[in-house]
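What the coordinates show
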Amino acid sequence: MFQEVTEGHTLVLEGAARAQIVEGTAEIFGAPFSLNEQIVVQRFKSLPIEALTPIKLEIVLGTGGKINIIEKSTISPLWKKVGEEFSLKVKSFKNKKPATMMVIGDVDSGKSTFVIYQTNLLLKQNFRVGIIDADIGQSNIGPPTVIALGVVEKGNFAKFLSQIKLKDGYFIGHTSPNRVFHRVMVGVKKMVDTVISQNCDAIIIDTTGFVRGMHARELKFQKASLITPDLIVALPKGEALESLLEPLELLGLKIERVPASENVRSRSMEERKELRKMSFAKHLLGGKIVKLSLDKCPLITQFNVGVGAPLSREVISFLEEKLSVKILHTALTEEVLLIVVRDKVRMGDVSEIVFHANEVSEGREVIVSSEKDLENLLVGLFGVDFEYKGIGILKSIDYEKRNLTLYTREDPKEVSLIQLGTVQLLENGEEIGKVSTVF
Ligand SMILES: Nc1ncnc2c1ncn2[C@@H]1O[C@H](COP(=O)(O)OP(=O)(O)OP(=O)(O)O)[C@@H](O)[C@H]1O
Ligand SMILES: [Mg+2]
C-alpha cells in the first residue's frame, strides 16, 4: 500500500513491516531515510519515520504490522539539546580521550533508541563513535548474554542498533546482570578499553533496565565508579531513578534527566523472549557440530571440566549406592571434588550428595553437576588473550575420550577456552531451560 505523510508528521511503523520512501525527504532517529532504501521492522519493534517534506511511502505489513500517524516528531527536543551539549564535550576532549556517555533507565524507557539518536547526531559531525551494548537481556549489537561493542564513523548512520557490526564482545552467559555483576563490570571495562584503543571520539554505553532495588543501585553505582562517564543520561519514569542518581551527583558526575518517551513501544516478557530467540538464532545461523579436545580447549566454570583424577571405582559405587544416582564423571583436584551425575538433580538432592561426598572429599569443596544441566547449554568461546570468538551450544561431553561436542558457526581451531552460561538453547535460538549450578 502507499501512504502519504504531511511535513512535520511522523509515521510510526510497527513490525513486522517493510517500507520504502518513494517521494520526499524523511529521517529515522536523525538518520536520513534515502529514496528507494528498504527498511524492515522486526516484530515487537516500531520505527518512527519523520517527514521533513511531504512524503509518500510504500509499505508492506506482515504479522502484527501496523501504522500510526503522529502529528509531530516523536523525538523530544531535549534529546537534541543533550546531544548538542555532549558534542561540545566531545570536541573539547578531541585527541585527548573519548568523551563517555552512559544511558540508564527502566525497561522500555527508550534507552537504546536514545543511543541510536545520539550516535547519529555525532556521526553528522564526523565523529568516530564506539557503542557499548551492555544490555545482555535485550541486546542489539551482539547475541543476548554478551556485552558487545560496535564502532561507527563517517555517515554510517544507524536506524537500529542491530545494524551495527560487532567489533568485540565479552561473554556474560546470563540474560540479566543478577549474580554476574563481576562479569558485567569486567565486560564493560574491557569494551571501554577497546574503544580507547580504536581512536574513537566518543563512547556511548547502553545498559539494562535493571535499575530498581538495592542490587541494581549497587551495580549501577559501581559501574559509574569504574567508568566515571562524562555524562550520565537518565530516562526516568517518574521518581524511580532518584535514589540511584543522587549519590552520583554528590560525587560530581554530570547527570541529565530526560523523561522516558511516551512513544516507546513496550514489550511483554514473552515478546522479549521471542526477540532474544531471533537474536540468538541470528548469531547461531550457519553453525555446525564440531568436536573439541578437552585437553586443548578446557571448559571452565567455577570448576575445570577435564582436569583432576577420578575417584576409585569402589568409592564411586559407594556413593552411587548411598545416593541412588548414576555417576558419570568424578574429578579430584587439590581443592575440588567434581561429581557429574546423569540425571537432573534438585537442590535438596545436591545437598545430600555433598553431605555423603564429604566423607571422601577430605575437606575439598564438592561440586555437583548433572549431565542434563550441561546439555544444550549456551557457552562463550574465548581465543588467546581472552579474545571474544562467539557463542555456541554445548551438546555433550565425552569424559572417556576427553572431548566435547559443540554447535557453533565459529572456527573451532581459534577457540582456546569455553565458558559456560546459564541458558539452555536450541539451535533455532529457543530458550528451553535455565541452570543455576554453573556459578
Ligand atoms: N522517541 C521514540 N519515538 C518513536 N519510537 C520510539 C521512541 N523511543 C522508543 N521507541 C520505540 O519503542 C521501542 C522500545 O524502545 P527502546 O528499545 O529504545 O527501549 P529500551 O529502554 O532500550 O528497552 P529495553 O528495556 O528493552 O532495553 C522500540 O521499538 C523503539 O523504536
Ligand atoms: Mg534497550
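Residues numbered from 1 in each chain as written. Chains lettered and ligands numbered in written order. Predicted model: local features only at pLDDT ≥ 70, side-chain atom pairs only at ≥ 80, totals over all residues. Heavy atoms only, no water.

1. Side note on the overall build of the protein chain
Regarding its fold elements, the protein chain presents 9 helices and 27 strands. For the protein chain, the C-alpha atoms occupy an extent of roughly 80 × 50 × 40 Å along the three principal directions. In the protein chain, once contacts between residues fewer than 6 apart in sequence are set aside, the share between residues at least 24 apart is 70%. In the form shown here, the protein chain has an accessible surface area of approximately 19600 Å², with 51% of it arising from carbon and sulfur atoms. Charge-centre separation for the protein chain: the mean point of 56 positive side chains lies 3 Å from the mean point of 56 negative side chains. (Helix = DSSP H or I, 4+ residues; strand = E, 2+ residues; numbered from the N terminus. Contact = heavy atoms within 4.5 Å. Areas by Shrake-Rupley, 256 points an atom, 1.4 Å probe, with all protein chains shown as cover. Lys, Arg positive; Asp, Glu negative; His and termini not counted. Charge placed at Lys NZ, Arg CZ, Asp CG, Glu CD.)

2. Re unusual backbone geometry
The peptide bond linking G15 to A16 adopts the cis configuration, its omega dihedral lying at 5°. Here A16 lies in the loop between β2 (10–14) and β3 (17–23). Positive phi values are uncommon outside glycine, yet E362 reaches one of about 50°. With respect to the helices and strands, the residue E362 is situated in the loop between α8 (347–361) and β22 (365–370). Accessibility expressed as a relative area gives 69% for E362, which makes it exposed. (Buried < 20%, exposed > 50% of the residue type's maximum accessible area, 1.4 Å probe, protein only.)

3. A closer look at the nonpolar core
L13, I39, I49 and L57 are the most contacted members of the largest nonpolar core, which has 50 residues in total. It is helix α2 (residues 111–124) that provides the largest number of residues to this core, a total of 7 residues. Residues lining this core come from more than one domain, with at least three contributed by each of domain 1 (2–70) and domain 2 (77–266). Setting aside anything within four residues of it in sequence, one finds I49 in contact with H9, T10, L11, L13, A19, A26, E27, I28, F33, I39, I55 and L57. One finds I136, V211, A224 and I255 within the second-largest nonpolar core, a separate group that totals 31 residues. (Core = buried A, V, L, I, M, F, W, Y, C linked by side-chain atoms within 4.5 Å. Domains from an automatic or database assignment.)

4. Focus: the sheet that holds strand β9 (residues 66–70)
Spatially, 5 strands are ordered β5-β4-β7-β2-β9 in an open sheet, and the strand pairing comes out antiparallel. Sheet topology places β5 (31–33) and β9 at the edges, where each strand pairs with a single neighbour. Adjacent strand axes in the sheet meet at a mean angle of 30°, parallel and antiparallel pairs treated alike. The sheet contact formed by strand β4 (residues 26–28) and strand β7 (residues 46–51) spans 2 bridges and is antiparallel. Among the inter-strand pairings, A26 is bridged to a residue of β7, identified as A51. (Pairing = 2+ DSSP bridges. Axes fitted to C-alpha atoms, helices over the stretch in contact; angles between N-to-C directions.)

5. A word on the packing of aromatic side chains
Per the counting criterion, the structure on display carries 5 aromatic pairs. Relative to F210, the ring of F181 has its centre 6.2 Å away and its plane inclined at 65°; by these criteria the two rings are edge-to-face. You can see F181 sitting in helix α3 (residues 181–197) and its partner F210 sitting in the loop between β14 (202–206) and α4 (214–227), a full 29 residues away along the chain. The rings of W79, F114 and Y117 are connected pair by pair, giving a single aromatic cluster. Directly above the ring of F2 sits K56, whose terminal nitrogen or CZ lies 5.2 Å from the centroid. (Phe/Tyr/Trp six-rings, centres within 6.5 Å; stacked < 30°, edge-to-face > 60°. Lys NZ or Arg CZ within 6 Å of the ring centre and 35° of its normal.)

6. Overview of the domain arrangement of the protein chain
Partitioning the protein chain into structural domains gives domain 1 (2–70), domain 2 (77–266) and domain 3 (312–367). A straight line from the C-alpha centre of domain 2 to that of domain 3 covers 44 Å.

7. As for the pattern of salt bridges
A full pass over the atoms with the stated rule returns 27 salt bridges. Between D201 and K94 there is a salt bridge, and its shortest N-O distance comes to 2.9 Å. Of the two residues, D201 sits in the loop between α3 and β14 while K94 sits in the loop between α1 (77–93) and β10 (99–105), which places them 107 residues apart along the sequence. For D201, a relative accessible area of 12% gives the class buried. A salt bridge links R265 to E271, with the nearest nitrogen and oxygen atoms 3.0 Å apart. Taken individually, R265 and E271 each receive the classification buried, so the pair is uniform in this respect. Each of E14, R265 and E271 takes part in a single network of salt bridges with overlapping partners. (Salt bridge = Lys/Arg side-chain N within 4 Å of Asp/Glu carboxyl O.)

8. Digging into the side chain of S109
The topology assignment puts S109 in the loop between β10 and α2. Judged by relative accessible area, which is 1%, S109 ranks as buried. Within the local environment of S109, its side chain forms a polar contact with the backbone oxygen of D106, the two atoms lying 2.7 Å apart. Filtering out sequence-adjacent residues up to four positions away, S109 remains in contact with L235, K237, A260, S261 and V264. (Polar contact = N/O pair within 3.5 Å; in protein donor to acceptor, adjacent residues only side chain to side chain.)

9. Examining the site of ligand 1
In the vicinity of ligand 1, 22 residues are found, and the nearest of them are S46, T74, K111, T113 and R265. One of the side-chain N or O atoms of T113 is found 2.4 Å from an oxygen atom in ligand 1. At a separation of 2.9 Å, an oxygen atom of ligand 1 approaches a polar side-chain atom of D135. When ligand 1 is considered free in solution it has 630 Å² of accessible area, and contact with the protein chains removes 96% of it. Contributions of two or more residues to the shell around ligand 1 are made by β7 and α2. For the shell around ligand 1, the element with the highest residue contribution is α2, accounting for 3 residues. (Near = heavy atom within 4 Å.)

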